[in-house]
Amino acid sequence: MFNARSEQSFKVRSVLICQVIVVLIAAVVMLSFAKPWLGVLYGGFTVMVSTWHVHKSVHKAGEDKVQMLKAAGFRFAVFLLALAVGIYVLSLHPFAVIVGMFISYAAMYAISLMFVYKNMKGDGLG
């Protein structure tokens, strides 16, 4: 049980680190071409906080599905509020925010698929 949790924590940290690196690179590239690089950082880090919250809420909820659903609803509301604050209050460029979100999600899914592929290879399926 402890090894599974520690391995899961390592995988989530790996995903978060990969997201940070990719979003920072995208922000630097965006800085070279245009002004809205801050929107890329904001969108990317918003997704990273969401990824972190998913990990924490799943471990905290355990087998309690109702608590997981409540956490997912809370996360969705806060995510939409954060987007509204970024676009309307901070006046960040919406396209840049979406690019940051896309890059962060793409990094998360790519790393997650690598972990799944590694597990499949270990099972003799890959």
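Chemist: I would appreciate a short explanation of the overall build of the protein in the present structure.
Modeler: A count of helices and strands for the protein gives 4 helices and 0 strands. Moving toward the C terminus, one meets the helices and strands of the protein in the order α-α-α-α. Counting across all 126 residues of the protein, residues that qualify as buried make up 33%. Put simply, the protein shows about 8,500 Å² of open surface, and 74% of that area lies on carbon and sulfur atoms.

Chemist: Explain helix H2 (residues 37–61) here, please?
Modeler: One turn of an α-helix holds 3.6 residues; hence residues three or four places apart share an orientation. Spanning 25 residues, H2 covers 36 Å between terminal C-alpha atoms, matching the ideal 36 Å at 1.5 Å per step. One or two steps after H2, the chain reaches Gly62, where phi turns positive at roughly 65°.

Chemist: Hey, could you run me through the environment of Leu90 in this one?
Modeler: Along the chain, Leu90 falls in the loop between helix H3 (65–89) and helix H4 (94–122). Overall, the relative accessible area of 48% leaves Leu90 in the partly exposed class. Considered as a pair, Leu90 and Gly39 are 51 residues apart in the sequence and their alpha carbons are 9.4 Å apart. Every residue in contact with Leu90, bar those within four places of it in the chain, is listed here: Tyr42 and Val85.

Chemist: Teacher, can you tell me more about the nonpolar core here?
Modeler: Looking at soluble globular proteins, one finds that nonpolar side chains tend to be buried together. Within the largest apolar cluster, 12 residues are counted, these being Val12, Leu16, Val23, Ala26, Ala27, Met30, Val40, Leu41, Met48, Ala96, Val99 and Ile103. Mapped onto this core, the elements with two or more residues apiece are helix H1 (2–33), H2 and H4. The leading source of residues in this core is H1, at 6 residues. Discounting chain neighbours no more than four positions away, the residues touching Ala27 are Trp37, Val40 and Leu41.

Definitions and limits used
Every chain's residues receive numbers from 1 upward, in the order its sequence appears when written. Only residues with pLDDT of at least 70 are given local features in this predicted model, and only at 80 or more are side-chain atom pairs given and counted; all residues enter the totals for whole chains, interfaces and linings. Hydrogens and water molecules were not included; the side-chain quantities draw on all heavy atoms of the structure. In this description a helix means any DSSP run of H or I spanning at least four residues, a strand means any run of E spanning at least two, and both kinds are numbered starting from the N terminus. Exposed residues in this analysis have more than 50% of their type's maximum accessible area, buried residues have under 20%, and partly exposed residues fall in between, with area computed by a 1.4 Å probe over protein chains only. Only the protein chains shown count as cover for residues, and the accessible areas themselves come from Shrake-Rupley with a 1.4 Å probe. In a helix, the anticipated span is given by 1.5 Å times the number of residues less one. The criterion used for residue contact is that any of the two residues' heavy atoms lie within 4.5 Å. Residues enter a nonpolar core if they are buried and are Ala, Val, Leu, Ile, Met, Phe, Trp, Tyr or Cys, with the set joined through side-chain atoms within 4.5 Å.

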